[in-house]
4 protein chains.
Amino acid sequence: MICFQCDYLEGAHPSILKRMVDTNFEQTQGYSEDPYCESAKEKIRACANAPEADVHLLVGGTQTNCTVISSILRPHQGAIAAMSGHINVHESGAIESTGHKVLPLSSEDGKITAAQVEEYYNSHWGDETHEHMVQPGMVYISHPTEFGTLYTKEELSALYSVCKKYHLPLFLDGARLGYGLMAEGTDVTMADVAAFTDVFYIGGTKVGALFGEAVVFTDRSLSVDFRYLIKQHGALLAKGRLLGIQFDTLFTDNLYMQISAHADKMAMKLREAFVKKGYGLRYDSYTNQQFPIIPDAHLDKLKEKYGFCFWEKVDEDHTAIRFCTSWATKEENVDSLIRDIEAL
Amino acid sequence: MICFQCDYLEGAHPSILKRMVDTNFEQTQGYSEDPYCESAKEKIRACANAPEADVHLLVGGTQTNCTVISSILRPHQGAIAAMSGHINVHESGAIESTGHKVLPLSSEDGKITAAQVEEYYNSHWGDETHEHMVQPGMVYISHPTEFGTLYTKEELSALYSVCKKYHLPLFLDGARLGYGLMAEGTDVTMADVAAFTDVFYIGGTKVGALFGEAVVFTDRSLSVDFRYLIKQHGALLAKGRLLGIQFDTLFTDNLYMQISAHADKMAMKLREAFVKKGYGLRYDSYTNQQFPIIPDAHLDKLKEKYGFCFWEKVDEDHTAIRFCTSWATKEENVDSLIRDIEAL
Amino acid sequence: MICFQCDYLEGAHPSILKRMVDTNFEQTQGYSEDPYCESAKEKIRACANAPEADVHLLVGGTQTNCTVISSILRPHQGAIAAMSGHINVHESGAIESTGHKVLPLSSEDGKITAAQVEEYYNSHWGDETHEHMVQPGMVYISHPTEFGTLYTKEELSALYSVCKKYHLPLFLDGARLGYGLMAEGTDVTMADVAAFTDVFYIGGTKVGALFGEAVVFTDRSLSVDFRYLIKQHGALLAKGRLLGIQFDTLFTDNLYMQISAHADKMAMKLREAFVKKGYGLRYDSYTNQQFPIIPDAHLDKLKEKYGFCFWEKVDEDHTAIRFCTSWATKEENVDSLIRDIEAL
Amino acid sequence: MICFQCDYLEGAHPSILKRMVDTNFEQTQGYSEDPYCESAKEKIRACANAPEADVHLLVGGTQTNCTVISSILRPHQGAIAAMSGHINVHESGAIESTGHKVLPLSSEDGKITAAQVEEYYNSHWGDETHEHMVQPGMVYISHPTEFGTLYTKEELSALYSVCKKYHLPLFLDGARLGYGLMAEGTDVTMADVAAFTDVFYIGGTKVGALFGEAVVFTDRSLSVDFRYLIKQHGALLAKGRLLGIQFDTLFTDNLYMQISAHADKMAMKLREAFVKKGYGLRYDSYTNQQFPIIPDAHLDKLKEKYGFCFWEKVDEDHTAIRFCTSWATKEENVDSLIRDIEAL
């Protein structure tokens, strides 16, 4: 069975494991106060062109979303997000468990617009009974989105302007950030992400690490006492250097970008094959997640040899499914899949 | 100015105030452990034909929703509700502040159906990743709804059957219950409400009391230790007898139903006048809230003399507005409003 | 049975009830946005010599503590309080339910000192692992304390200085504030309370009102968006004018102080009688709560005719009990109790 | 510098790293639904002689405590713990962040007794106002405690009996469980831990793993829907097999016990040296944490070459400090430290 279900099927990039082995018996201080974490943070600041940013290393995505959001909001505030946003759908109520409502905006492609945020904000404050409703306190976006789509620099910049105007911190979930930055046709760089958000994170779990997410606060007023919150959320890894080693490795010699680019390249090969085959695409994704719409007759055949995700029934005879590539995807497996699709 | 903005403009039914004055210097134990509360609870049980029910008296509606819901749910569970449900819109995130997501179902008229609940439930459990999503743990409905609409006995019974089938406690918010029970054409009685829900509350604040909501648990397994939760939510009134006196009065000689019927009668006079005038009705309400759609040209004229709520712009020239009647509405004021509408 | 168990046995001062009856059919806007609330707030500001203060009217004490504290603290912070503080003992975990730890300081008399706060603060920040511990974020005191004791102006001022020094908002729970301000020998005035705290509340429930607590923020930066929090905590009374009417009445013609003084006078008569009888006093209280230590042989006799609270076993043969007087205590009942004690 | 500050200074046992490397490119399902996790769980059940137990693998200790406790308690309940318990002191309010108070019992040695729990329970329920106080809902102990001390089988069994009697689930924090089970003189086995608790966890982070804690529910009624809670707490590792591989390795060929025994042996060498030197011992620990009381004059000298923790000032001239050994401690370093102590 060749698996494309998700982007966390394998372990870590070998250079990460090698470094873990090499440093295994070093003694370092716990809780990310070691030289590896320092070095990783420095490299991340450099890569993001954000020399003043406050960087923290956490273990997982839900944890990171939850810790960041609960650090920013006061109790009566909520986080604006796309209806399909990960925090609204797939975190088992982690945000609500910290007392905050997710304020969902409709979205076809997983993205939200500056205009939507502005309208929501004005609608809230324009209502005489606004004190009876959850106050919008920040904006959450994901890039790439859960559907593999990407903001353009213009869209991101417009969102950020509206957020600034209304004092709504803008938080970008970059669980798959590398796959976004390396995508064909994108004009958004890591430095843009840093410039047009108040806080974002760089996903490691899905991009080459065993686990780990690097949170970057470009607005340092939002990260006051953040380490207390990390600890409270059970996100302060005792052997914090494991996070440092991983991000230091990923941000050495451009490794993070290189392995992301590989995943995107594999995804584009798949996309091309789907299109050539006449499959529709559920979302217009240029990143590592591809959502072809497949005749149900083809489904069973594919299942024999390949792992993928059921996404949704599209019509009586067609189903959207999801294939993920990753830093670890082998080109030979992609080629095999393509051949088998062609043969269907 | 004659006000119809809401159903809590005045104080309380005079017989309630009289009894408060009469008993003012009696000394009674605090926290609703007094004979007035006992008597009130007994009368409520009798009225609801629920001799085994566990009844508690709280101060306000948001408080009651929040205390009941947080008593029932485990941390990973949420409450299914109509998108327009009070807990989803107008409680400043009170439910989320206790850690729970509201799981909204679409609804045009403020009601949800047994089929919707069943579909949501099955869709949750049918999803392989259901552990990543908030688990539906109960169902919340309001009767009358926020739009003045009512469930039929058949609809309520069907909802309850589905809830039973899936072990989802059904909670009915009766902030305006009296106005529902006395509405023209309804076939739902207080006993039906008790029979077809696991817990519901009888609104006092909007129906004749200074304040107060009576929660009735017909499923007593849901109210274990409920007084701790009342206290924790700041809802345990020190001078609890004030709640007892009010509900005891309301449930003596059918007062609650009589004053509710008055409000409904006043509302129906308004409804008739709106229809006669050719106004559309935003919702098909037979209870104390009426939502006529009025030409904007009429709005300013009405505003000079009457208070009402802006509801929503319906089209370029028309606006839906809300008029509320209540136990305290004077017929002469209703007649005056009707005359002025006719004259527009 | 003559009851002294607590200070919320009766209803309200008759002038309050009278005014409720008189205004019963007036129509006013809900949620404390009515002229009665405005007037009450203005009078409170004047009485406290705090013309700029932000005043809010809530229903009960637990609710008020919980709403104020959760408004002030960030998620990783806790409230320093005496071990015996109401929030640490008798609120069913209301503070913890909002996510915050109460940080208890030892105390014999219910009070805490500036030195204790300073030491706790420094001990926290001096610990290398402080990020693993709850950060002290504010200080909570009660005046009178749960034991009837009082801060002197010097003690209060010293506490406030330390709080200012370390940016810890100082919150004073004045559930029985009147009884403190009118106590024999105190040098603390309402204006002092306002001057030496950042936020405090004036108890109505225990001092002449049916219910109600008036929160006074002298530091307005702490009350930003406070009405959202009131709503979220289920503490926004629909018929808010009931709170306005009560506090407006209490703060007209010095009524609050007069009825408080009466309760204190009655308490001092009792205290004198206890001392004369040779009873020890568990706490040195000059306010409306008195804690005599009584030979167990006297207990049963007293119980036949009087209600009071068991406090604690002091030794094999003696028990501390609590008598409360209030605005409603009749002098004839106090005299009767004194005679019966003399006769024991 | 030779470090003894804590037991998480190094990486992981080499056999764990080797297996991670060996399996790195295998594709497995995420979220601990892989064969490695299954195998690890099976071995843990066998080792604990608890064939029916429900086992879950989480990342860290604070996370585990918080997830387990919030799964068990209802909102008005708290967890009884020693004053010095990790959840009461060193988790930045994680337990309170889920809404629950820690109910601290005094303790000199980090342990609590069956009698204390019984007294607390009865005192709560015997109080007329118990509904105003947090209800004890479970008992938390650590073994070894934060002070390195251990329960005897008799003590643990007595605690469990009381807990059973009062329906208080007993939860044992075994962050350092291995070091407890292998300690000189203990009569408590892994099977005893399983038999005399309702849920416990086996620490990996401090005992040979990179990270990871294995929670064992012997009372399966406490783990219903536990995976939702793991996810909600951000504790569901995407590449869950990393946890499986680690625990599977630790519980193969008795590795967990062997490396724990090594740490204890190293600790006992230190203990012996301290005693021989005439140092007092702050706690009577036979596990991997040792707390000698050292003349301040010796402190600076030791600091030049060794890392250890300041614990507390004991008197004017003496300080208690903490040395930790671990699975990774090299005997040559222990010997060097002993020689240097002898030479002081």
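Residues numbered from 1 in each chain as written. Chains lettered and ligands numbered in written order. Predicted model: local features only at pLDDT ≥ 70, side-chain atom pairs only at ≥ 80, totals over all residues. Heavy atoms only, no water.

Focus: the relation of the copies chain A and chain D
Part 1 of the reasoning: The transform that puts chain A on chain D rotates by 180° and translates by 0.0 Å along the axis, for an RMSD of 0.0 Å. As the rotation angle and translation indicate, the two copies are arranged about a two-fold axis. (Least-squares fit on C-alpha atoms with pLDDT ≥ 70 in both.)

Observations concerning the sheet that holds strand β5 (residues 135–142) of chain A
All names here are of chain A.
Part 1 of the reasoning: The sheet built from seven strands is open, its strands ordered β2-β8-β7-β6-β5-β3-β4 with mixed pairing. Strand pairing shows two members of the sheet lacking a second neighbour, β2 (54–58) and β4 (102–105), which therefore form its edges. Shown here is a sheet whose adjacent strand axes are inclined to one another by a mean of 25°, direction ignored.
Part 2 of the reasoning: Sheet strands touched by helix α7 (residues 153–165): β5 and β6 (170–173). Its angle to β6, the strand with the most contacts, is close to 145°.
Part 3 of the reasoning: Where helix α11 (residues 241–250) meets the sheet, it contacts β2, β7 (199–203) and β8 (213–217), and its direction lies at approximately 115° from that of β2. (Pairing = 2+ DSSP bridges. Helix = DSSP H or I, 4+ residues; strand = E, 2+ residues; numbered from the N terminus. Axes fitted to C-alpha atoms, helices over the stretch in contact; angles between N-to-C directions. Contact = heavy atoms within 4.5 Å.)

Considerations on the relation of the copies chain D and chain B
Part 1 of the reasoning: With an RMSD of 0.0 Å, the fit of chain D onto chain B corresponds to turning through 180° and sliding 0.0 Å along the axis.
Part 2 of the reasoning: Residue by residue, 100% of the interface of chain D is reproduced at the interface of chain B, so both copies engage with the same surface.

A few points about the interface of chain D and chain B
Part 1 of the reasoning: Across the contact, 22 residues belong to chain D and 22 residues belong to chain B.
Part 2 of the reasoning: In total, about 2000 Å² of surface goes out of reach between chain D and chain B, with carbon and sulfur atoms giving 48% of it.
Part 3 of the reasoning: Broken down residue by residue, the surface that chain D buries against chain B is led by Glu131(D), His132(D) and Tyr228(D), which jointly contribute 37%.
Part 4 of the reasoning: Inspection of the chain D/chain B interface yields two salt bridges.
Part 5 of the reasoning: Note that Glu131(D) and Arg227(B) form a salt bridge whose closest N and O atoms lie 2.6 Å from each other.
Part 6 of the reasoning: Taken together, the elements giving at least two residues each to the side of chain D that touches chain B come down to α3 (61–72), α6 (114–126) and α10 (226–232) of chain D.
Part 7 of the reasoning: Per-element tally for the side of chain D that touches chain B: the top contributor is α10(D), with five residues.
Part 8 of the reasoning: Partitioned by chemical class, the residues of the side of chain D that touches chain B number eight nonpolar, eight polar and six charged. (Buried area = accessible area lost by both parts, 1.4 Å probe. Salt bridge = Lys/Arg side-chain N within 4 Å of Asp/Glu carboxyl O. Nonpolar A, V, L, I, M, F, W, Y, C, P; charged D, E, K, R; others polar.)

Re the interface of chain A and chain D
Part 1 of the reasoning: Counting from both sides, the interface comprises 44 residues of chain A and, opposite them, 44 residues of chain D.
Part 2 of the reasoning: At the junction of chain A with chain D, the criterion picks out 26 residue pairs in polar contact (both at pLDDT 80 or more).
Part 3 of the reasoning: Of all the elements in the fold, those that place two or more residues in the side of chain A that touches chain D are β1 (2–3), α1 (14–22), α3 (61–72), α5 (94–97), α10 (226–232) and α11 of chain A.
Part 4 of the reasoning: Considering every element that reaches the side of chain A that touches chain D, the biggest residue donor is α1(A), with four residues. (Polar contact = N/O pair within 3.5 Å; in protein donor to acceptor, adjacent residues only side chain to side chain.)

Focus on the side chain of Ser223(A)
Residues and elements named next belong to chain A.
Part 1 of the reasoning: Structurally, the position occupied by serine 223 is in the loop between β8 and α10.
Part 2 of the reasoning: At 2.7 Å, the side chain of serine 223 and the side chain of aspartate 54 are in polar contact.
Part 3 of the reasoning: Apart from the residues within four sequence positions on either side, serine 223 is in contact with Asp54 and Phe217.

Some thoughts on helix α12 (residues 255–277) of chain C
Part 1 of the reasoning: A rise of 1.5 Å per residue sets the reference length of α12(C), with its 23 residues, at 33 Å; its end C-alpha atoms lie 33 Å apart and thus fit the reference within 8%.
Part 2 of the reasoning: Immediately beyond the C-terminal end of α12(C), within one or two residues, lies Gly278(C), with a positive phi of roughly 90°. (Expected span 1.5 Å × (residues − 1).)

A few points about the pattern of salt bridges
Any two side chains of opposite charge can pair if their charged atoms end up close together.
Part 1 of the reasoning: The final tally for this structure, using the stated rule, is 87 salt bridges over all chains.
Part 2 of the reasoning: Between Asp296(C) and Lys313(C) there is a salt bridge whose closest N-O contact spans 2.3 Å. Residue Asp296(C) is located in helix α13 (residues 296–305), and its partner Lys313(C) is located in strand β13 (residues 309–315); the two are separated by 17 residues in the primary sequence.
Part 3 of the reasoning: On the basis of relative accessibility, which here comes to 45%, the residue Lys313(C) falls in the partly exposed class.
Part 4 of the reasoning: Salt bridges here are not isolated pairs; linked through shared partners, they connect Arg19(A), Lys43(A) and Asp248(A). (Buried < 20%, exposed > 50% of the residue type's maximum accessible area, 1.4 Å probe, protein only.)

Overview of the confidence of the model for chain A
Part 1 of the reasoning: In this model, chain A carries a mean pLDDT of 97, and residues with pLDDT of at least 70 account for 100%.
Part 2 of the reasoning: Across the interface, the model reports ipTM at 0.97; the global pTM reads 0.97. (pLDDT = per-residue confidence, 0-100.)

Brief notes about the packing of aromatic side chains
Part 1 of the reasoning: The tally for this structure, following the rule as stated, stands at 81 aromatic pairs over all chains.
Part 2 of the reasoning: Judged by centre distance (6.2 Å) and plane angle (70°), the rings of Trp125(B) and Tyr228(D) are edge-to-face. Taken together, the positions of Trp125(B) in helix α6 (residues 114–126) and Tyr228(D) in helix α10 put the pair across two chains.
Part 3 of the reasoning: According to the relative accessible area criterion, Tyr228(D) is buried, its value standing at 2%.
Part 4 of the reasoning: Measuring from centroid to centroid gives 5.0 Å for Tyr283(D) and Phe291(D), while their planes differ by 90°, and the two rings are edge-to-face. (Phe/Tyr/Trp six-rings, centres within 6.5 Å; stacked < 30°, edge-to-face > 60°.)

Notes on the pairing of strand β3 (residues 77–82) of chain B
All names here are of chain B.
Part 1 of the reasoning: Most of β3 is tucked away, with six of its six residues classed as buried.
Part 2 of the reasoning: The pairing of β3 with strand β5 (residues 135–142) spans four bridges and is classified as parallel. Following the sheet pairing, glycine 78 is matched in β5 by proline 136.
Part 3 of the reasoning: The sheet contact formed by β3 and strand β4 (residues 102–105) spans four bridges and is parallel. Residue alanine 81 lies in a different strand from β4, and its bridge partner there is proline 104.

Notes on the environment of Met182(D)
Residues and elements named next belong to chain D.
Part 1 of the reasoning: Counting through the fold element by element, methionine 182 comes out in the loop between α8 (177–181) and α9 (190–195).
Part 2 of the reasoning: The class for methionine 182 is partly exposed, based on a relative accessible area of 30%.
Part 3 of the reasoning: For methionine 182, the contacting residues outside a window of four places in its chain are Met257, Ser260, Ala261 and Asp264.

Quick look at the packing of helix α12 (residues 255–277) of chain A against helix α14 (residues 331–343) of chain A
All names here are of chain A.
Part 1 of the reasoning: At a minimum axis distance of 10 Å, the contact between α12 and α14 shows a crossing angle of 5°. On the basis of their axis angle, the class for α12 and α14 is roughly parallel. Along its contact with α12, which presents Lys265, Met266, Lys269, Leu270, Ala273, Phe274, Lys276 and Lys277, the element α14 presents Glu331, Val334, Asp335, Leu337, Ile338, Ile341, Glu342 and Ala343.
Part 2 of the reasoning: For the contact of α12 with α14, the class distribution of residues is nine nonpolar, no polar and seven charged. (Parallel < 35°, antiparallel > 145°, perpendicular 65-115°, else oblique.)

Here's the deal with unusual backbone geometry
Part 1 of the reasoning: Residues His143(A) and Pro144(A) are joined by a peptide bond in cis, for which omega reads -5°.
Part 2 of the reasoning: Along the chain, Pro144(A) falls in the loop between β5 and α7.
Part 3 of the reasoning: Positive phi values are uncommon outside glycine, yet His167(A) reaches one of about 55°.
Part 4 of the reasoning: Given the relative accessible area of 68%, His167(A) is considered exposed.
Part 5 of the reasoning: One non-glycine residue, Asn254(B), lies in positive phi territory at about 65°.
Part 6 of the reasoning: Counting through the fold element by element, Asn254(B) comes out in the loop between α11 (241–250) and α12 (255–277).

Here's the deal with the packing of helix α6 (residues 114–126) of chain A against α7(A)
All names here are of chain A.
Part 1 of the reasoning: One can describe the packing of α6 onto α7 by two numbers: an axis separation of 8 Å at closest approach and a directional angle of 20°. By the angle between their axes, α6 is roughly parallel relative to α7. Handedness of the crossing formed by α6 with α7: right-handed. Where α6 abuts α7, its residues Ala114, Val117 and Glu118 lie against Ala158, Leu159, Val162 and Lys165.
Part 2 of the reasoning: For the contact of α6 with α7, the class distribution of residues is five nonpolar, no polar and two charged. (Left-handed = near helix turned anticlockwise from the far one by under 90°.)

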